[in-house]
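Residues per chain are reported as follows:
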Amino acid sequence: FLVLAPTIEHEDGHMLDYMSWRARGWCRFERVARQLSSSSGPMLLVTRPDTVFEVGAQDYLLDPIGCGDFSFEEDRARLAPIVQQLLRGKLLQLFD
């Protein structure tokens, strides 16, 4: 899982970086979906062309999807049943 999050200035003047990536609801969802998938491997964060970090898998526990920033409020509610399905799938995988 690769996160591309360089520090850059948005066209409206505010800065974007890994912390802004972590704040976005859809990015939080992507991270949780990766954690609940059957695939394994590290989460890698690229902040510059010459800089790659391995990010702790547990970070998703600190950033609930529902508390993330969404451009469209209805997306928050749309993700709930998808996350429930991902959780069920992970539980079934663990019990097999």
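Coordinates for the structure precede this section.
Rules of the game
- Residues numbered from 1 in each chain as written.
- Predicted model: local features only at pLDDT ≥ 70, side-chain atom pairs only at ≥ 80, totals over all residues.
- Heavy atoms only, no water.
- Phe/Tyr/Trp six-rings, centres within 6.5 Å; stacked < 30°, edge-to-face > 60°.
- Helix = DSSP H or I, 4+ residues; strand = E, 2+ residues; numbered from the N terminus.
- Buried < 20%, exposed > 50% of the residue type's maximum accessible area, 1.4 Å probe, protein only.
- Contact = heavy atoms within 4.5 Å.
- Pairing = 2+ DSSP bridges.
- Axes fitted to C-alpha atoms, helices over the stretch in contact; angles between N-to-C directions.

1. Concerning the packing of aromatic side chains
The final tally for this structure, using the stated rule, is three aromatic pairs. Measuring from ring centre to ring centre gives 5.7 Å for Tyr18 and Trp21, while their planes differ by 15°; the resulting arrangement is stacked. Note that Tyr18 and Trp21 are positioned in helix α1 (residues 18-23) at a spacing of three residues, about one turn of the helix. For Trp21, a relative accessible area of 7% puts it in the buried group. Members of the aromatic cluster, each reached through a chain of ring pairs, are Trp26, Phe29 and Phe70.

2. Remarks on the environment of Thr47
Locating Thr47 in the fold gives a position in strand β4 (residues 43-48). Measuring from C-alpha to C-alpha, the distance between Thr47 and Leu79 comes to 27 Å, with 32 residues separating the pair along the chain. Excluding its chain neighbours within four sequence positions, the residues that come into contact with Thr47 are Ala5, Pro6, Thr7 and Phe53.

3. As for the sheet that holds strand β1 (residues 2-4)
With mixed pairing, three strands are arranged side by side in an open sheet as β1-β4-β5. At either margin of the open sheet sits one strand with a lone partner, and together these are β1 and β5 (51-55). If you compare each strand with its neighbour and ignore which way they point, the axes differ by 25° on average. Sheet topology note: the β1/β4 ladder contains three bridges and is parallel. From the neighbouring strand, Leu4 faces β4, where its bridge partner is Val46.

Structural measurements only, silent on function.
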